[in-house]
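Here's the letter readout for the chains.
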Amino acid sequence: MHDTPKDRSQASTREIVSFSVGEQRFCMEIEHVLEIRGWTKTTILPHAPEYVIGMMNLRGTVLPVVDLSLRLGLGRTDPSPRHVIIIARIHEQTVGFLVENVSDIATVNESDMQATPDVASALTQAFIKGVYSIEDKLVRAIDVYQILPREAVAAA
């Protein structure tokens, strides 16, 4: 069986959720996102990595909440009711990402992703898979597997 042009077109597109962190735009593939919730105060988790700001109870499931701004090196977030938590599934575990807001859900062509500029930073190359230009704005695609390595998920 051969792929039709429509099949090839659908295979090369991806749905993303874009959001703001530290007044910068980022995105992740929608396949990781379970839901988006308003800010909920977290309970501190002793000895967790600094970027894990605590844990929350989501309908009986306790999950770590990551300050994505701090993890990306953009400074600590002072959460307020206007912030949201993106509940995502990574490495078979549910995790919350604290962000300023979710701005859009979009379909993008994989071929439109530009390479992350080489700025001599291993973390930049690891955390940012590439960059999309959407409506004249650059939206960085985060690599959720690198943002939250398996050992950090297990420790939280």
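Residues numbered from 1 in each chain as written. Predicted model: local features only at pLDDT ≥ 70, side-chain atom pairs only at ≥ 80, totals over all residues. Heavy atoms only, no water.

A. Structural context of the overall build of the protein chain. A count of helical and extended segments in the protein chain gives 5 helices and 10 strands. When the 156 residues of the protein chain are sorted by exposure, 42% land in the buried category. In the protein chain, 54% of the contacts between residues at least 6 apart in sequence involve partners at least 24 apart. (Helix = DSSP H or I, 4+ residues; strand = E, 2+ residues; numbered from the N terminus. Buried < 20%, exposed > 50% of the residue type's maximum accessible area, 1.4 Å probe, protein only. Contact = heavy atoms within 4.5 Å.)

B. View of the packing of aromatic side chains. A full pass over the atoms with the stated rule returns 0 aromatic pairs. For Arg 71, the ring lying beneath its charged end belongs to Tyr 51, and the centroid distance is 4.2 Å. Over the aromatic face of Phe 26 sits the side chain of Arg 140, whose NZ or CZ is 4.3 Å from the ring centroid. (Phe/Tyr/Trp six-rings, centres within 6.5 Å; stacked < 30°, edge-to-face > 60°. Lys NZ or Arg CZ within 6 Å of the ring centre and 35° of its normal.)

C. Local environment of the sheet that holds strand S2 (residues 24-29). Strand order in the open sheet made by the 5 strands is S8-S1-S2-S10-S9, with mixed pairing throughout. Looking at which strands have only one partner, the edges of the open sheet turn out to be strand S8 (101-109) and strand S9 (128-134). Neighbour-to-neighbour, the strand axes of the sheet open up by a mean angle of 35 degrees, direction not taken into account. Here 6 bridges tie strand S1 (residues 13-21) to S2, and the two strands are oriented antiparallel to one another. By the bridge assignment, Phe 19 is partnered in S2 with Phe 26. (Pairing = 2+ DSSP bridges. Axes fitted to C-alpha atoms, helices over the stretch in contact; angles between N-to-C directions.)

D. Here's a closer look at the layout of surface pockets. There is about 340 Å³ of room inside the largest pocket. Mapped by element, the contributors of at least two residues to the lining of the largest pocket are S2, helix H3 (122-127), S9 and strand S10 (137-142). Per-element accounting of the lining of the largest pocket gives the leading share, 3 residues, to H3. Within the lining of the largest pocket, the residues separate by chemical class into 10 nonpolar, 4 polar and 2 charged. (1 Å grid on protein atoms, 1.4 Å probe; cavity = no way out; pocket = protein on both sides within 12 Å on 5 of 7 lines; lining within 4 Å. Points joined across faces, edges and corners; volume = space filled by probe spheres on them. Nonpolar A, V, L, I, M, F, W, Y, C, P; charged D, E, K, R; others polar.)

Nothing here speaks to function; it is geometry throughout.
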